[in-house]
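Tertiary structure, described
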Amino acid sequence: EELLRSHGAQFDETEVLVHTDYLPETDAPALFLRFLSLVMRLGDLKFLSSGRLLHIFKNDIRDFIEKNFRGISFEEDASPIRESENYIADFVLRSVTGRTLALYAASSESKALEALLLWQESLTRDVKDLSVLAIFESSKPVGINNRTMARIMNSDVQMAAFADAEADVVLKMRRTLELNT
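Residues numbered from 1 in each chain as written. Predicted model: local features only at pLDDT ≥ 70, side-chain atom pairs only at ≥ 80, totals over all residues. Heavy atoms only, no water.

Secondary structure summary: the protein chain contains five helices and seven strands in total. Residue burial in the protein chain is summarised as follows: out of 181 residues, 36% are buried. Taking as baseline every contact in the protein chain between residues at least 6 positions apart, the subset at least 24 positions apart corresponds to 56%. Accessible surface for the protein chain amounts to roughly 11500 Å². Of this, 52% is attributable to carbon and sulfur atoms. (Helix = DSSP H or I, 4+ residues; strand = E, 2+ residues; numbered from the N terminus. Buried < 20%, exposed > 50% of the residue type's maximum accessible area, 1.4 Å probe, protein only. Contact = heavy atoms within 4.5 Å. Areas by Shrake-Rupley, 256 points an atom, 1.4 Å probe, with all protein chains shown as cover.)

See below:
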């Protein structure tokens, strides 16, 4: 909001539009540069914030695991396939039943593709008792293209929507790990 004000602009939430006040045509050239500077700054913020948002979402999932899966060992940034250290999941949970669950905080195209690649690698290596779960921030993920979503949906990668459905995610994970619900 402060950035908008400092550039003489407002954000219209209804129209999802950034605009300035109406101004005389004679003032337009000077104010155009100020508005262009704002657009460039907003682009910079978008570029910088995607990694930050992924980090925050990943922290949310870590807190979620610690809160809901006490007594279950988990590793962060680890490979669930011991013979293949190149496939790193955000979190790997291993239950006493021998089941392994690889979690991806799938808030970006690359994270969604990593989940898909791990699943394909587990098929190639015939890994038993491993499930891959892509956790999306919401049921309508932004930043993941339709082709990637279709590939995940048509694979055996499990999917979960985190926002407003954490209890459902707990149940899904407990079933996958064969824990008592």
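Structure's up, so let's keep going.
This part covers the pairing of strand β2 (residues 17–20). Two strands pair when backbone bridges link them, and strand β1 (residues 9–12) and β2 are joined in this way by four bridges, in the antiparallel orientation. Residue F11 lies in a different strand from β2, and its bridge partner there is V18. As consecutive antiparallel partners, β1 and β2 are separated by four residues, and within that stretch V16 has a phi angle of approximately 50 degrees, a positive value. (Pairing = 2+ DSSP bridges.)

Further remarks concern a negative patch on the surface. A contiguous patch of negative charge on the surface is contributed by D60, D63, E66, E137, D164 and E166. Examined against the element boundaries, D63 turns out to sit in helix α2 (residues 28–68). Overall, the relative accessible area of 45% leaves D63 in the partly exposed class. (Patch = residues over 30% accessible without salt bridge, like charges linked within 9 Å, V, L, I, M, F, W, Y side chains within 5 Å. Salt bridge = Lys/Arg side-chain N within 4 Å of Asp/Glu carboxyl O. Lys, Arg positive; Asp, Glu negative; His and termini not counted. Charge placed at Lys NZ, Arg CZ, Asp CG, Glu CD.)

Glancing now at helix α5 (residues 166–176). Three or four residues apart is the spacing at which side chains of an α-helix point the same way, because the helix has 3.6 residues per turn. Every buried residue of α5 is listed here: V169, V170, M173 and T176. All buried residues of α5 fall inside an arc of 130 degrees around its axis, so they share one side. Residues of α5 that are exposed and point over 90 degrees away from its buried face: A167, D168 and R175. A positive backbone phi angle near 60 degrees is found at E178, which sits one or two residues after α5. (Arc of directions from axis to C-beta.)

Strand order across the open sheet formed by five strands is β3-β4-β5-β6-β7, with mixed pairing between neighbours. Strand pairing shows two members of the sheet lacking a second neighbour, β3 (73–78) and β7 (158–161), which therefore form its edges. Geometrically, the sheet is characterised by an average inter-axis angle of 25 degrees between neighbouring strands, direction not taken into account. By the bridge criterion, four bridges tie strand β4 (residues 89–94) to strand β5 (residues 100–105) in an arrangement that is antiparallel. (Axes fitted to C-alpha atoms, helices over the stretch in contact; angles between N-to-C directions.)

Along the chain, the position of E121 falls in helix α3 (residues 109–124). For E121, the residues in contact, after removing those within four places along its chain, are I81, S84 and Y87.

Taken together, the side chains of L33, L36, V39 and M40 present a nonpolar region at the surface, about 380 Å² in accessible area. One can find L33 in helix α2.

A full pass over the atoms with the stated rule returns four aromatic pairs. Taken together, a centroid distance of 5.2 Å and an interplanar angle of 85 degrees make the contact between F64 and F162 edge-to-face. Here F64 is found in helix α2, whereas its partner F162 is found in the loop between β7 and α5, with 98 residues between them in sequence. What links up through ring pairs into an aromatic cluster is the set F57, F64, F69 and F162. (Phe/Tyr/Trp six-rings, centres within 6.5 Å; stacked < 30°, edge-to-face > 60°.)

With that settled, consider the pattern of salt bridges. Following the criterion strictly, the structure yields 10 salt bridges and no others. A salt bridge links R62 to E76; the nearest nitrogen and oxygen atoms lie 2.7 Å apart. Taken as a pair, R62 in helix α2 and E76 in strand β3 lie far apart in primary sequence, 14 residues in all. Salt-bridge contacts for R125 lead to E121; the nearest nitrogen and oxygen are separated by 2.5 Å. The class for R125 is partly exposed, based on a relative accessible area of 40%. Since its relative accessible area comes to 13%, E121 is described here as buried.

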